[in-house]
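Structure at a glance
Chain residues, written in single-letter form:
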Amino acid sequence: MSAIYDNWERLVAAVVKKQQLWQLFHDHSRSPSILSESSDFSSSFDLRSPLHDLAFDFARFESFSRSQKAFSKLVLISDFCPVIDVKDVYLASAELLGRGTFGSAYAAETDNGVRIVVKRLKSMGISEEDFKCHMDIVGNIRHENVAALRAYYSSKDERLMLYDYYSTGSVYALLHGQTGQTQAPVNWETRLKILVGAARGIAEIHTQNDGKLVHGNIKTSNVFLNHKQYGCVSDLGATNMIEATFMPTAHCYAPEVKNTKNVSQASDVYSFGILLLELLTRKSTAHVPGGPEAVDLVKLVHSVENRERADKVFDADLLKHPTLREQMVKMLQIGMRCVEKSIKRDLRCLK
Ligand SMILES: Nc1ncnc2c1ncn2[C@@H]1O[C@H](COP(=O)(O)OP(=O)(O)OP(=O)(O)O)[C@@H](O)[C@H]1O
């Protein structure tokens, strides 16, 4: 356990205490746009202000006869004043975004053009009471780097969670896109901002529920870009509620994590390390139909014996900028520390 918590402390040191990763971030003198932004995300952002850009029509809920009964128990999170009409989900006009471990995700559009994501849990293995209790915890989180739960619904045979829709797509889509498409370059600044944001989001999640909350499913398809283009962690909740087994070929989970019962804050740190390595290498760690094959990145970076050979694993696009190399090596070291429980070798060889 001590080794696990050592990893966690390193992440906190890297992110919250603004050492290492934060230092790297500020050292990046070629990115004045990052440096000019406030280092205290919350100071310039009123997280409790009403969301005026999401102007839904509450009245339509009442008049929607087919689902009126079903939606009568839709619970809106307190700061979400406007209301959502999710009838499109039931009327099948909603767009299926994909099916994941815990259910399906749909993008539904309201009449006034606001898009919202509806997550439909596939398992009913959680009581209504436990579901609501967990939704209260998740719904309470308002942080720039955590996708906000806007509403939820629970009935005898249905559990829905409503989130903001991220039109820019996930980090998975950004890095790996669709098969056959030429990959657009993703610059260093973008990658750093994704990592800093994701790390801050995870750190925030871990402070919740008396410091016991776990995300449990950190991976590129669950990280989006917020309005400032920083990483924003989504899909919080499902792992805590549903018992599910992860695909053994998904390399984004810590080795001890076989199913949702094994997830922990330490395994979130591991998955953050994998996210970091994925951003450095641009290799996918989970196979999505139509996407690239999954690569065991821990094994890959394990094959790096010294800093000269680190180039073997970096995304070739990044290597076109030799001035970034030092920062990339430092970043690789942070990633390796996050996953080091399964990397037996001594990191000092990279120093
Ligand atoms: N809020 C959102 N905005 C935009 N796209 C989303 C949002 N939430 C999920 N998606 C996308 O919808 C698809 C399905 O997501 P879902 O979370 O159901 O599965 P997953 O991320 O592939 O796997 P898992 O269930 O393990 O999280 C993914 O491509 C995901 O990136």
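Each chain has its residues counted from 1, running along the sequence as written. Whole-chain, interface and lining totals are the exception, using all residues; otherwise, since this is a predicted model, local features are given only for residues with pLDDT of at least 70 and side-chain atom pairs are given and counted only at 80 or more.

The protein chain appears in an unreviewed UniProt entry as Protein kinase domain-containing protein from Rehmannia glutinosa.

A short note on the overall build of the protein chain
Heads up, the condition is: Helix and strand definitions here come from DSSP, where helices need a minimum of 4 consecutive H or I residues and strands a minimum of 2 consecutive E residues; each element is numbered from the N-terminal end. The burial label depends on the number of other C-beta atoms within 10 Å of a residue's C-beta. Counts of 20 or more mean buried, 12 or fewer mean exposed, and intermediate counts mean partly exposed, with C-beta atoms placed from the backbone. By definition, residue pairs are in contact when their C-beta atoms, positioned from the backbone, come within 7 Å.
Along the backbone of the protein chain there are 14 helices and eight strands. Scored against the burial criterion, the 351 residues of the protein chain give a buried share of 41%. The long-range share in the protein chain, meaning contacts at least 24 apart out of those at least 6 apart in sequence, stands at 64%.

Points about the site of the ligand
Selection criterion: Should the C-beta atom of a residue, placed from the backbone, lie within 6 Å of a molecule or strand, that residue is near it. Under this grouping Gly is polar, as are all residues other than the nonpolar Ala, Val, Leu, Ile, Met, Phe, Trp, Tyr, Cys and Pro and the charged Asp, Glu, Lys and Arg.
Residues in contact with the ligand amount to 19 residues; listed here are only the nearest, Leu97, Gly98, Gly100, Thr101 and Ser170. Of all elements in the fold, only strand S2 (95-99) and strand S6 (158-164) reach the threshold of two or more residues within the shell around the ligand. Of the residues contributing to the shell around the ligand, the split by class is nine nonpolar, eight polar and two charged.

Overview of the UniProt feature "binding site: ATP" (unreviewed entry) in the protein chain
Worth spelling out the cut-off: UniProt positions are given in the numbering used here, feature names are shortened, and annotations may be inferred rather than shown by experiment.
Per the UniProt record, the feature "binding site: ATP" (unreviewed entry) sits at Lys119. Using a count of 23 C-beta atoms within 10 Å as the deciding quantity, one classes Lys119 as buried. Ignoring sequence-local partners within four residues, the contact set of Lys119 consists of Gly103, Ala105, Leu160, Met161 and Tyr163.

Remarks on the nonpolar core
Stated formally: Residues enter a nonpolar core if they are buried, belong to Ala, Val, Leu, Ile, Met, Phe, Trp, Tyr or Cys, and are joined to the set through C-beta atoms within 7 Å.
By size, the foremost hydrophobic cluster in this structure holds 78 residues, and its most contacted members are Ala198, Val233, Phe272 and Leu276. With sequence-adjacent residues up to four places away left out, Leu276 is seen in contact with Leu195, Met331, Ile334, Gly335 and Cys338.

A word on the environment of Tyr253
Inspection of the secondary structure assignment puts Tyr253 in the loop between helix H10 (238-241) and helix H11 (265-281). Along the chain, Tyr253 and Tyr270 lie 17 residues apart, while their C-alpha atoms are 7.0 Å from each other. Not counting residues up to four positions away in its chain, the partners in contact with Tyr253 are Phe246, Ser267 and Ser271.

Re the packing of helix H9 (residues 188-211) against H11
Test applied: Every angle, taken between N-to-C directions, lies between 0 and 180 degrees, and every axis is a line fitted to C-alpha atoms, over only the stretch in contact when it is a helix. Each angle gets one of four labels, with under 35 degrees taken as roughly parallel, over 145 as roughly antiparallel, 65 to 115 as roughly perpendicular, and the rest as oblique.
With their axes 10 Å apart at the nearest point, H9 and H11 run at an angle of 175° to one another. As far as their axial angle goes, H11 and H9 are roughly antiparallel. In this structure, H9 contributes Arg191, Ile194, Leu195, Ala198, Ala199, Ile202 and His206 to the contact, and H11 contributes Gln265, Asp268, Phe272, Leu275, Leu276 and Leu279.

Brief notes about helix H7 (residues 128-139)
Going by this rule: Expected helix span is computed as 1.5 Å times (number of residues minus one). It is the directions from the helix axis to the C-beta atoms that the arc portrays.
Here H7 contains 12 residues, and its C-alpha end-to-end distance of 16 Å stays within 8% of the 16 Å for a straight helix at 1.5 Å per residue. Residues Phe131, His134, Met135, Val138 and Gly139 constitute the buried set of H7. Within H7, the buried residues cover an arc of 130° as seen down the axis, which keeps them to one side. For H7, the exposed residues set more than 90 degrees away from the buried face come down to Glu129 and Cys133.

With respect to the packing of H11 against helix H14 (residues 325-338)
The following threshold applies: Crossing handedness: left-handed means the near helix sits turned counterclockwise from the far one by under a right angle, and right-handed means the same turn made clockwise.
Two elements in contact, H11 and H14, have axes whose closest approach is 7 Å; the angle formed by their N-to-C orientations is 150°. In terms of orientation, H11 and H14 fall into the roughly antiparallel class. Considering the relative orientation of H11 and H14, their crossing is left-handed. Along the contact surface, H11 presents Val269, Tyr270, Phe272, Gly273, Leu276, Leu277 and Leu280, while H14 presents Met328, Met331, Leu332, Ile334, Gly335 and Cys338. In the contact of H11 with H14, the residues fall into 11 nonpolar, two polar and no charged.

Re H14
For H14, with 14 residues, the first-to-last C-alpha span of 20 Å sits near the 20 Å given by 1.5 Å per residue. Within H14 the residues assigned to the buried category are Met328, Met331, Leu332, Ile334, Gly335, Met336, Arg337 and Cys338.

Details of unusual backbone geometry
The backbone phi angle of Asn209 is positive, close to 50°, even though this residue is not glycine. Locating Asn209 in the fold gives a position in helix H9. The phi torsion at Gln229 lies on the positive side, around 70°, for a residue other than glycine. In this fold, Gln229 is placed in the loop between strand S7 (223-225) and strand S8 (231-233). Take Gln229: there are 15 C-beta atoms within 10 Å of it, and that puts it in the partly exposed class.

Considering the confidence of the model for the protein chain
To keep things clear, this is the line we draw: The predictor attaches a confidence to each residue, called pLDDT, with possible values from 0 through 100.
Residue-level pLDDT values for the protein chain average 73, and 67% of them are 70 or greater. Highest mean pLDDT in the protein chain belongs to S7 (97); lowest belongs to helix H3 (residues 32-35) (24). Counted against residues more than four places away or in other chains, residues 1-6, with its pLDDT under 50, gives four contacts. Confidence drops under a pLDDT of 50 for residues 342-351, and excluding neighbours within four residues, the segment shows 16 contacts in the predicted structure. Interface scoring of the predicted complex returns ipTM 0.97; its pTM is 0.78.

Focus on the environment of His143
Looking at where His143 falls in the secondary structure, it is placed in the loop between H7 and strand S5 (149-155). C-beta crowding within 10 Å serves as the criterion here: with 21 such atoms nearby, His143 is assigned to the buried category. Between the alpha carbons of His143 and Val301 there is a distance of 32 Å; along the sequence they are 158 residues apart.

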